[in-house]
Amino acid sequence: MSPSTERIEAVYNQVVARNPGEVEFHQAVSEVFESLHRVLNKYPEYVEESILERICEPERQIIFRVPWTDDGGRVRINRGFRVQFNSALGPYKGGLRFDPQVMLGTVKFLGFEQIFKNALTGLPIGGGKGGSDFDPKGRSDGEIMRFCQSFMTEAYRHIGSKVDVPAGDMGVGRREIGYLFGQYKRIANRYEAGVITGKGISWGGSLVRTEATGYGVAFFTEHMLAATGRCLDGTRVLVSGSGNVAFYAIEKVHALGGLVVGASDSSGAVHDPQGIDLDLLREVKQVQRGRISDYAEKRGSAEFIEGLPVWAIAEKHPIDVAIPCATQNELAESDAGTLIKAGVTAVVEGANMPTTPAAIDRLREAEVLFGPGKAANAGGVATSALEMQQNAIRDSWGFEYTEDRLAEIMEGIHTRCAQTAEEFGVPGDYASGANIAGFTRVADAMIAQGVI
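Now for a look at the structure at hand. Only a predicted model underlies this, so the values are computations on that prediction, with no experimental measurement involved.

### Points about the sheet that holds strand S2 (residues 75–86)
Step number 1: Across the sheet, 5 strands lie side by side as S1-S2-S4-S3-S5; this open sheet has mixed pairing. At either end of the open sheet lies a strand with only one pairing partner, and these are strand S1 (60–69) and strand S5 (164–168). For this sheet, the mean angle separating the axes of adjacent strands, direction not counted, is 20°.

### A look at the packing of aromatic side chains
Step number 1: The final tally for this structure, using the stated rule, is 20 aromatic pairs.
Step number 2: With a centroid separation of 5.9 Å and 75° between ring planes, the pair formed by Phe220 and Tyr430 is classed as edge-to-face. With Phe220 in helix H9 (residues 212–226) and Tyr430 in helix H18 (residues 430–448), this pair connects stretches of sequence that are 210 residues apart. For the pair Phe220 and Tyr430, one class covers both residues: buried.
Step number 3: Three or more aromatic residues joined by ring pairs form one cluster here, namely Phe64, Trp68, Phe98, Phe134, Phe147 and Phe151.
Step number 4: Against the face of Phe424 rests Lys42, its NZ or CZ located 5.0 Å from the ring centre.
Step number 5: For Lys252, the ring lying beneath its charged end belongs to Tyr215, and the centroid distance is 4.4 Å.

### Here we look at the environment of Leu110
Step number 1: Within the secondary structure, Leu110 sits in helix H6 (residues 104–120).
Step number 2: On the basis of relative accessibility, which here comes to 3%, the residue Leu110 falls in the buried class.
Step number 3: Setting aside residues up to four positions removed in sequence, Leu110 forms contacts with Arg97, Lys129 and Asn352.

### Some thoughts on helix H7 (residues 141–155)
Step number 1: Taking 1.5 Å of rise per residue, 15 residues should cover 21 Å, and H7 covers 20 Å from first to last C-alpha, within 8% of that figure.
Step number 2: Taken together, the buried positions of H7 are occupied by Glu143, Ile144, Phe147, Cys148, Ser150, Phe151, Met152 and Ala155.
Step number 3: The elements touched by buried residues of H7 are S1, S2, strand S3 (92–98), strand S4 (126–132) and helix H8 (174–188).

### Topic: the nonpolar core
What tends to happen in soluble globular proteins is that the nonpolar side chains get buried as a cluster.
Step number 1: With 57 residues, the main nonpolar core has Phe220, Val237, Val239, Ile250, Ile276, Ile323 and Ile413 as its most contacted residues.
Step number 2: For this core, the element with the highest residue contribution is H9, accounting for 8 residues.
Step number 3: Filtering out sequence-adjacent residues up to four positions away, Val237 remains in contact with Leu232, Val253, Leu259, Val260, Val261, Gly262, Val321 and Ile323.
Step number 4: Core analysis: the next-biggest nonpolar cluster, separate from the first, contains 38 residues, Ile8, Ile55, Cys56 and Ile436 among them.

### A word on the pattern of salt bridges
Step number 1: With the rule as written, the count across this model stands at 25 salt bridges.
Step number 2: For the salt bridge of Glu31 with Lys374, the shortest nitrogen-to-oxygen distance reads 2.9 Å. Of this pair, Glu31 sits in helix H2 (residues 23–33) while Lys374 sits in helix H15 (residues 373–376); the two residues are 343 residues apart in sequence, bridging distant segments of the chain. A single burial state applies to Glu31 and to Lys374, both of which are buried.

### Examining the sheet that holds strand S8 (residues 268–271)
Step number 1: Spatially, the 7 strands line up as an open sheet ordered S9-S8-S7-S6-S10-S11-S12, and their pairing is mixed. Taken across any chain shown, the strands that pair with only one partner, and hence form the sheet edges, are strand S9 (303–306) and strand S12 (369–371). Averaged over all pairs of adjacent strands, the angle between their axes in this sheet comes to 15°, without regard to strand direction.
Step number 2: Pairing analysis gives 2 bridges linking strand S10 (residues 321–323) to strand S11 (residues 346–348), with the strands arranged parallel. Across the sheet, residue Val321 finds its bridge partner in S11, namely Ala346.
Step number 3: Most of the contacts of helix H10 (residues 244–255) go to strand S7 (residues 259–265), to which it runs at about 175°, and overall it touches strand S6 (236–239), S7 and S10.

### Some words on the environment of Phe399
Step number 1: Structurally, Phe399 can be placed in helix H17 (residues 399–423).
Step number 2: Judged by its relative accessible area of 31%, Phe399 is partly exposed.
Step number 3: A C-alpha to C-alpha distance of 8.4 Å links Phe399 and Ser206, two positions 193 residues apart in sequence.

### Focus on the side chain of Lys199
Step number 1: Along the chain, Lys199 falls in the loop between H8 and H9.
Step number 2: Note on Lys199: relative accessible area 1%, which makes it buried.
Step number 3: Within the local environment of Lys199, its side chain forms a polar contact with the backbone oxygen of Ala193, the two atoms lying 2.9 Å apart.
Step number 4: At a separation of 2.9 Å, a polar atom in the side chain of Lys199 contacts the side chain of Asn391.
Step number 5: Apart from the residues lying within four places of it in its own chain, the contact partners of Lys199 are Arg174, Ile177, Phe181, Ala193, Gly204, Gly205, Ser206, Glu387 and Asn391.

Cut-off values and rules
- Residues numbered from 1 in each chain as written.
- Predicted model: local features only at pLDDT ≥ 70, side-chain atom pairs only at ≥ 80, totals over all residues.
- Heavy atoms only, no water.
- Pairing = 2+ DSSP bridges.
- Helix = DSSP H or I, 4+ residues; strand = E, 2+ residues; numbered from the N terminus.
- Axes fitted to C-alpha atoms, helices over the stretch in contact; angles between N-to-C directions.
- Phe/Tyr/Trp six-rings, centres within 6.5 Å; stacked < 30°, edge-to-face > 60°.
- Buried < 20%, exposed > 50% of the residue type's maximum accessible area, 1.4 Å probe, protein only.
- Lys NZ or Arg CZ within 6 Å of the ring centre and 35° of its normal.
- Contact = heavy atoms within 4.5 Å.
- Expected span 1.5 Å × (residues − 1).
- Core = buried A, V, L, I, M, F, W, Y, C linked by side-chain atoms within 4.5 Å.
- Salt bridge = Lys/Arg side-chain N within 4 Å of Asp/Glu carboxyl O.
- Polar contact = N/O pair within 3.5 Å; in protein donor to acceptor, adjacent residues only side chain to side chain.

Here it is in structure tokens:
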């Protein structure tokens, strides 16, 4: 065993011991660490400066009580989190997730991933994440407003445009961002537009922010395929989920000539061989807030597959590209096997860590292109950073200009990952390229700034 391997294993074991029960965080650390052997051999100063140990320990972890009153007058209690993980490149940047499954380990896994994702954009933003175990489903606007106001009453003292800039994530859309920003403005007594991103266009938001993550995934997929002489035009694509990221990934894949034949939600999946009808999907999911089965009922060409993931479509139909956009660890090893048999040539992550380690190994063995989320879904945070730029100069950019900036950033991320993988002897390994490129940028900044 080489000295670098021994050091990596020792630090990983230390992370597990110091963070018991946080399985998703352990998985995220392991996934990055497995790419770093060559880096530590080439740059021993990272070992000498204890960068592995330091980068795995958040600079600050904040947990707080969120009391609020429901429409019946009953006092409810939730738990709020903000993990400010690494500020070597700039203010902490990362979304807020409102979901009953959110725990400290969830937020730490997301925040750790955010460090490298943000570094890959080339923009001056650090990594952080936050959220609450509050469930917005079934709650009235009044209840959500009161919860958001209570959440921000504590969180406001920890954030700021030069300190920590939250955004939306699962369960936190423009409505929630509005309530959060309004309460911050009320308490701070200043209009600090850059304190949060994902705002409405009329009050400091950025065009393309809603579409950014989904568009960015499609752009990254196109660049991956182009590197091997292919393109999205004419491909059959499966996209898991039917939320914001999935919807706009489908839209841009269609614009680039691909045909998305499957989408899903927690109840099951739909197979539509004629291609997902975006207008109908929007009506069902965003307007009526219905289930994906409602789409199948209204679309004669679609079939609903109850209780199964969208990847089950590949058991009977050929598929070229898979884009998981729902949640972490949704694409298992068995799903990877199904996709490989169906002829898939690329799997590109629209969600955060949606592919299990065993599934990634299976895809690599089959020489399927794999685009990791920290690179492929960085379009959202990239456009958030563009929103911060507009807020800082009190400007507003047009849709086409902002989309062009997003496309340039995604191309730069692809190039950075591909060139880094080539440099370190693993050409075509986008996961290793992304991990190494993100890690080295942050590590060099940490060394430059001293032991802090």
